[in-house]
Amino acid sequence: MPALTRQQVRAVDRLAIEKYHLPGIVLMENAAHGASEAAIKMLGAARNQNILVLCGGGNNGGDGLAIARHLHNRGQKILIGLCTDSAKYQGDALINWRIIEATTLPRLPWEKAFDQLPAPDLIVDAIFGTGLTEAPRPPFAEIVDRVIAARRPILAIDIPSGLDCDTGRPLGPCIRAHRTVTFVAQKVGFEKPEAKEFTGKVIVADIGCPREAIDEAIRLHP
């Protein structure tokens, strides 16, 4: 599978939903399943480990909410750190937020989450996705500082938050992950040598997009 650009990633999602009739919420659920498997592999066989899931406001944050649910179901102790106002969730991310609201999963603003769980066994970075094209606004730099200070293993979801999908360079403050689980295919920026210090080991998770959608996206946006 060739590496994809930001434009191709957007086209794959659009085609999968509009032409191949795969609901976005199904793609998000598949992504969450693949990412939770990657998290379990990082943690090993132990249950009841403390996991801090940092969730932003877009679909990457929606992935994080779904991942938190999957890991909770696998017997892990989850704390969701909200890096956005939950009232801003829309679409598929909003569906997952409503699921979270109906459960007992604890969720706090990110500052309080770090105060309550300063040294989790794993931090899941689901703040920004591949759509980010400019330096993240405050308080993202403070969030990065708290992640660094925790000195814990980090799993990035799709891309380390703050990294440019196409260039492999940070747009500003950037999460440095130990492992990145990315969806559908590698991103072109990951092939840049300087990207590895932010992505760590990269794992590709299949989320069920038809191969035809991927091939068409590449043809449309060479």
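Note: the structure precedes this text.
Now for a look at the structure at hand. What you are looking at is a predicted structure, and each value in this text was computed from that prediction instead of being measured. (Residues numbered from 1 in each chain as written. Predicted model: local features only at pLDDT ≥ 70, side-chain atom pairs only at ≥ 80, totals over all residues. Heavy atoms only, no water.)

Within the chain one finds eight helices and seven strands. Rg of the C-alpha trace for the chain: 16 Å, near the compact-globule value of 17 Å for 222 residues, within the 12% margin. Overall, the chain is about 50 × 35 × 35 Å in size when its C-alpha atoms are taken along their principal axes. For the chain, with 222 residues in total, the buried portion stands at 50%. For the chain, the proportion of contacts with a sequence separation of at least 24, taken over those separated by at least 6, is 76%. (Helix = DSSP H or I, 4+ residues; strand = E, 2+ residues; numbered from the N terminus. Rg over C-alpha atoms; globule rule 2.2 N^0.38 Å. Buried < 20%, exposed > 50% of the residue type's maximum accessible area, 1.4 Å probe, protein only. Contact = heavy atoms within 4.5 Å.)

With that settled, consider the layout of surface pockets. Within this model, the largest pocket holds a volume of roughly 940 Å³. If you trace the largest pocket, you find 37 residues lining it, with Gly58, Asn59, Asn60, Gly129 and Thr130 closest to the centre. Here the residues of the lining of the largest pocket sort into 18 nonpolar, ten polar and nine charged. (1 Å grid on protein atoms, 1.4 Å probe; cavity = no way out; pocket = protein on both sides within 12 Å on 5 of 7 lines; lining within 4 Å. Points joined across faces, edges and corners; volume = space filled by probe spheres on them. Nonpolar A, V, L, I, M, F, W, Y, C, P; charged D, E, K, R; others polar.)

Let us look at unusual backbone geometry. Backbone torsion omega between proline 138 and proline 139 reads 10°, so that peptide bond is classified as cis. With respect to the element layout, proline 139 can be found in the loop between β4 (122-126) and α6 (140-150). Positive phi, close to 65°, is recorded for histidine 21, a residue that is not glycine. Note on placement: histidine 21 falls in the loop between α1 (6-18) and α2 (24-43). Overall, histidine 21 belongs to the exposed group, its relative accessible area being 64%. If you check the backbone angles, valine 184 has positive phi at about 75° while not being a glycine. On the secondary structure map, valine 184 appears in the loop between β6 (179-183) and α7 (196-199).

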